[in-house]
Amino acid sequence: PRGDADAAAQALHAVPELPRGVLVTRSRENRLALLEHLARQPGPAVRLTSLGWSVVIALSPELTHEVLVEKAKSFEKSPVLRLALPPLAGPGLFT
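Computed from a predicted model, the values in this text were never measured in an experiment.

Novice: Outline the pattern of salt bridges, listing residues and values.
Specialist: One pass over the structure, following the stated rule, counts two salt bridges. As a salt-bridge pair, Arg47 and Glu17 come within 3.5 Å of each other at their nearest N and O atoms. Of this pair, Arg47 sits in strand β1 (residues 45-50) while Glu17 sits in the loop between α1 (2-14) and α2 (22-29), placing them 30 residues apart in sequence. A relative accessible area of 7% places Arg47 in the buried class. With a relative accessible area of 34%, Glu17 lands in the partly exposed category. Salt-bridge contacts for Glu66 lead to Lys71; the nearest nitrogen and oxygen are separated by 2.9 Å.

About the thresholds
- Residues numbered from 1 in each chain as written.
- Predicted model: local features only at pLDDT ≥ 70, side-chain atom pairs only at ≥ 80, totals over all residues.
- Heavy atoms only, no water.
- Salt bridge = Lys/Arg side-chain N within 4 Å of Asp/Glu carboxyl O.
- Helix = DSSP H or I, 4+ residues; strand = E, 2+ residues; numbered from the N terminus.
- Buried < 20%, exposed > 50% of the residue type's maximum accessible area, 1.4 Å probe, protein only.

Next up, the structure:
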């Protein structure tokens, strides 16, 4: 239903967005620096937007558990992982 899509869009935009360029700059310089930067973000999640795609990264252990265990069926893999890499990506959200 359209209401579900609207609610999902509102929830997505409620997650704080990481400033543009941080992901590219930090991941090229030092992947560990990117992870350290993400760990210092306030809140349980952060949103990255690039090339029209938004990705939400769970930062807290509680939210990570909720997504991967309690509500795994509510989330899906990206089309790239789902269609192009099934032998490597597996059937689950994390596997």
